[in-house]
Amino acid sequence: SSASAQQVMWKDNPITGKVVGLTYGTSSWTAAEAQAVAYGGHLVTLRSTAERNWLAQQFSSVWTATATFGPGYGPWIGLYEDFSTSPSEWRWASSEVTPGYSLEWLPGEPNNVGGTEDYANLHAPNWLLNDFADFQPMKSLIEVAQRPPRSWSWPVDHGVPSDSGPCCIADLDEDGDPDVVATTYFGALTVWRNDNGMLTTVGAPIWMPAQSPYPPVAFDYDKDGDLDICAIDGASYTSVLSVAFCTGLFQYSSFQQVWNLPYADSLHVADVDRDGNDDLLVGSSISGNRVLIAFPAGGTGLVTVPSFSFASQRGGEVEDLDRDGLADWVAWGGSGNGTVEVMWGDPGALFASAQILASSTLPIAGGAVGDIDGDGDVDLILSEGSAYFRVWTQAGRIFYPGPFVPIADGFAFHRAILRDLDGDGRNDLCMATNGNSILTYRNDGSSLVYDMKLLEGRGSRYLGTADFDADGLVDILSSNAYSLRSFSIVFNQAQTDCNGNGVHDAVDISVGFAVDCNGNGRPDSCDLAFGFSQDSNGNGFLDECEPTLVSITPAVRPAFQQSVVTVSTTNIPNGMATLTLTSAAFATPVVRAVSIVNNAGTVTLPALAAPSASDVVAAGTLAFTDAQGNAVVTAVTPGVFT
């Protein structure tokens with residue numbers, strides 16, 4: 001379909017300087033050209049044999065493996081037969097004229113079989129031109145001047161031993177990259193190590209005695225500093241909490257059953273007792289009532305907390321909804337229930353008794369929590385009825401429903417996440433629907449606007465988000481349903497322009513137009529504007545990047561002796577800097593040039609006083625030129641040298 005063509009594999013064309021993308025979805029030629037125009041371009045124009053060969057080198061292995069009619073059928077290109085002239089002529093959709101390039105048709109082509117072959121695709125052998133009928137569903141090659149502001153990669157699939165189940169995303173080795181624990185519906189868990197977007201399995205599958213349809217969590221159950229894997233083992237009355245204990249880097253024990261928890265069906269991790277350590281929360285339905293159990297980090301057993309009123313639920317989150325520093329537990333009812341309830345965090349206990357937070361006349365199929373309107377309060381997204389969602393905005397613990405919004409594919413969603421997908425500082429909506437697709441909605445500042453359909457027809461048993469390839473953009477993970485036996489990651493290819501200057505943020509940073517001192521892929525000016533960072537002293541540097549003269553070593557020496565000292569700094573670029581020491585004992589400041597490499601340098605200091613002088617205490621600053629050519633002087637470091 002043309003909708004799923006929004007997943008595009010983009011390549012920078014070194015011959016033309018343009019960007020070419022191969023669509024994941026298939027469509028007719030006319031739909032493909034409409035999609036290309038929507039991206040700001042056209043289907044690709046060929047200008048030379050070298051360019052045609054480059055396209056085949058970059059994409060043919062992919063389009064061969066996924067061709068609709070067979071491996072010989074390549075994608076649509078921008079060539080079509082124009083019947084407005086007599087005789088008709090083959091023209092490019094871009095309206096370009098390419099006098100230096102003669103169309104390279106397959107032998108015997110164009111042959112206009114059936115009188116309807118008025119459009120061109122590439123075809124084996126050698127990926128020459130072939131005429132084809134418009135209605136045939138083919139992948140297509142789109143050509144644009146620059147990558148579009150919002151786009152997603154083709155799915156990268158990762159196979160699991162049997163039918164895939166929910167996943168857990170966590171940094172298991174604490175290297176900064178999110179790793180994945182993937183489950184199956186037949187009890188096997190596989191652990192996937194992430195190296196900058198490349199996921200590989202580690203070790204053999206870990207088997208549970210029974211299957212589990214619920215997502216596991218990473219939690220340090222035995223308090224040894226390593227994340228263990230906690231899962232609900234089994235279902236209904238026979239379910240238990242089982243733990244695979246971490247025994248080394250990506251090494252885990254077999255699952256051990258630690259608690260019998262009949263009807264357990266959800267796990268959450270949050271610091272509910274406010275001791276600075278995460279706790280494990282388990283939801284359990286017993287005797288038709290919702291009973292919630294917490295495992296405090298320092299506790300020795302189960303702590304039962306107040307229950308929700310409904311007998312079952314479709315989902316829930318543990319989140320500080322009212323920003324009072326206490327974790328709250330919100331859940332939405334299942335089995336046709338249209339109620340959302342919350343147990344507010346209680347400073348005198350773990351949670352207060354449940355109360356109704358929102359009530360719909362329609363059954364709730366799923367929900368998500370997050371700040372949608374940018375006011376700092378946590379809002380709700382609820383899938384209500386069979387094909388609608390609503391935004392419930394919060395004002396002081398009261399939630400107000402907005403208008404019903406039709407879900408783009410006509411099906412309710414069963415899982416949703418609010419994350420900033422396009423880097424503009426606003427939370428967007430990503431949902432997995434009962435129509436077997438992933439849909440994204442862009443937050444334009446006033447409403448959520450349908451944007452893209454991903455992974456069409458695959459279904460989703462789990463939906464998660466994380467920056468898997470460390471490019472500063474949020475990617476999407478989905479556990480595929482049916483017999484696909486895999487989970488997929490679609491990488492975010494958005495071009496972010498947070499400062500609105502018309503240049504992609506990564507380009508801004510790479511060419512020096514913008515500073516990214518904390519290395520998060522976003523210009524510092526945007527970090528300040530969006531409230532991600534602070535500049536407490538107003539000097540233009542983020543607090544975490546403040547240039548500082550830290551120390552001079554040795555810090556104490558005889559004042560009357562010349563000596564070599566080491567200067568230590570933070571956030572000062574490599575290059576020459578000027579060290580200035582001032583003291584009431586100095587007639588004039590001591591000024592020395594010092595070469596800074598990796599925030600350190602050495603310099604020779606002169607004798608600072610006569611042998612009979614009393615203690616001399618000096619304050620210091622460093623002056624340097626930053627990457628943008630600005631003269632910068634650090635704040636004064638008192639008592640840096642004696």
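What counts, and where the lines are drawn
Residues numbered from 1 in each chain as written. Predicted model: local features only at pLDDT ≥ 70, side-chain atom pairs only at ≥ 80, totals over all residues. Heavy atoms only, no water. Salt bridge = Lys/Arg side-chain N within 4 Å of Asp/Glu carboxyl O. Helix = DSSP H or I, 4+ residues; strand = E, 2+ residues; numbered from the N terminus. Buried < 20%, exposed > 50% of the residue type's maximum accessible area, 1.4 Å probe, protein only. Core = buried A, V, L, I, M, F, W, Y, C linked by side-chain atoms within 4.5 Å. Phe/Tyr/Trp six-rings, centres within 6.5 Å; stacked < 30°, edge-to-face > 60°. Lys NZ or Arg CZ within 6 Å of the ring centre and 35° of its normal. Contact = heavy atoms within 4.5 Å. Pairing = 2+ DSSP bridges. Axes fitted to C-alpha atoms, helices over the stretch in contact; angles between N-to-C directions. Polar contact = N/O pair within 3.5 Å; in protein donor to acceptor, adjacent residues only side chain to side chain. Disulfide = S-S within 2.5 Å. Patch = residues over 30% accessible without salt bridge, like charges linked within 9 Å, V, L, I, M, F, W, Y side chains within 5 Å. Areas by Shrake-Rupley, 256 points an atom, 1.4 Å probe, with all protein chains shown as cover. Lys, Arg positive; Asp, Glu negative; His and termini not counted. Charge placed at Lys NZ, Arg CZ, Asp CG, Glu CD. Arc of directions from axis to C-beta.

Visitor: Which parts of the structure should I look at to understand the pattern of salt bridges?
Guide: Side chains that differ in charge, positive against negative, can pair when their charged atoms come close. This structure, assessed with the given rule, holds 17 salt bridges. Between R485 and D163 there is a salt bridge, and its shortest N-O distance comes to 3.6 Å. Of this pair, R485 sits in the loop between β38 (475–479) and β39 (486–490) while D163 sits in the loop between β9 (156–159) and β10 (164–170), and the two are 322 residues apart along the sequence. Overall, R485 belongs to the partly exposed group, its relative accessible area being 40%.

Visitor: Help me understand the nonpolar core, please; the structure alone is not making it clear to me.
Guide: Where a protein is soluble and globular, its nonpolar side chains tend to be buried together. Core analysis: the largest hydrophobic core is formed by 23 residues, its most contacted members being I552, L579, L581, L605, L622 and F641. V62, W92, W105 and W127 belong to the second-largest nonpolar core, a separate cluster that totals 22 residues.

Visitor: What should I look at first to understand the packing of aromatic side chains in this one?
Guide: Aromatic ring pairs are defined here through the distance separating the ring centres and the angle between the ring planes. Tallying each qualifying case throughout the model produces 15 aromatic pairs. Aromatic pair W192 and F487: ring centres 5.2 Å apart, planes at 90 degrees, arrangement edge-to-face. Pair noted here: W192 is in strand β12 (residues 188–195) and F487 is in strand β39, with a separation of 295 residues, a long-range link. Just as W192 is buried, F487 falls in that class too. Residue placement shows K223 over the ring face of Y221; its charged tip is 5.7 Å from the ring centre.

Visitor: What should I look at first to understand the side chain of D516 in this one?
Guide: Looking at the secondary structure, you find D516 in the loop between α3 (505–510) and α4 (524–529). Relative accessible area serves as the criterion here: at 18%, D516 is assigned to the buried category. Those residues in contact with D516 that lie beyond four places of it in its chain are I509, G521, R522 and D524.

Visitor: Sorry if this is basic, but what is going on with the sheet that holds strand β44 (residues 600–605) here?
Guide: Paired through backbone hydrogen bonds, the strands of a sheet run either parallel or antiparallel to each other. One open sheet accounts for 3 strands, arranged β40-β41-β44; its pairing is antiparallel. With partners counted over all chains shown, the strands left at the sheet margins are β40 (548–553) and β44, one partner each. On average, each strand axis in the sheet is tilted by 30 degrees relative to the strand beside it, whichever way the strands run. Judged from the 5 bridges that link them, β40 and strand β41 (residues 563–570) form a sheet pairing that is antiparallel. Bridge pairing links T553 to T566 in β41.

Visitor: Even after reading the chapter, I still don't get the environment of W259, so can you show me in this structure?
Guide: When you line up the elements, W259 lands in strand β19 (residues 256–260). A sequence separation of 18 residues divides W259 from L241, and the C-alpha atoms of the two residues are 5.2 Å apart. Among the polar contacts listed, one links the side chain of W259 to the side chain of Y221, at a separation of 2.9 Å.

Visitor: How do you make sense of the state of the cysteines when you look at a structure like this?
Guide: Taken as a whole and judged by the stated rule, the model has 1 disulfide. Between C517 and C545 runs a disulfide, and the two sulfur atoms are separated by 1.9 Å. Residues C517 and C545 share a disulfide whose torsion about the S-S bond is about 85 degrees; that sign makes it right-handed. One end of the pair, C517, is in the loop between α3 and α4; the other, C545, is in the loop between α4 and β40, and 28 residues separate them in sequence. The closest cysteine sulfur to the non-disulfide-bonded C230 is located on C168, 9.3 Å from its own sulfur. According to the relative accessible area criterion, C230 is buried, its value standing at 0%. In this structure C246 is a free cysteine whose sulfur lies 12 Å from that of C230, the closest cysteine sulfur available. Judged by its relative accessible area of 11%, C246 is buried.

Visitor: What is the right way to read the sheet that holds strand β4 (residues 73–82) from this model?
Guide: On the basis of which strands lie adjacent, the open sheet formed by 4 strands has the order β5-β4-β6-β7 and antiparallel pairing. The open sheet terminates on both sides in strands that have one partner only, identified here as β5 (89–92) and β7 (128–132). With direction set aside, neighbouring strand axes in the sheet form an average angle of 45 degrees. As paired elements, β4 and strand β6 (residues 119–123) share 3 bridges and run antiparallel to each other. What sits directly across from Y73, in β6, is H123.

Visitor: For this particular structure, what's the right way to read a negative patch on the surface?
Guide: Negative charge collects at one region of the surface, where E174, D222, D224 and D226 lie side by side. Position of D226 relative to the elements: it lies in the loop between β14 (217–219) and β15 (228–233).

Visitor: Would you mind showing me how to read a nonpolar patch on the surface here?
Guide: On the surface, V507, V511 and F513 cluster together into a nonpolar patch covering about 300 Å² of accessible area. Within the secondary structure, V511 is located in the loop between α3 and α4.

Visitor: How should helix α1 (residues 29–38) be read in this particular structure?
Guide: Since the α-helix advances by 3.6 residues per turn, residues separated by three or four positions end up pointing in the same direction. Of all the positions in α1, only W29, A32, E33, Q35 and A36 are classed as buried. Projected down its long axis, α1 carries its buried residues within an arc of 155 degrees, all on one side. Its buried side turned inward, α1 meets β3 (42–43), β4, β6 and β8 (141–144). The first or second residue beyond α1 is G40, which carries a positive phi of 95 degrees.

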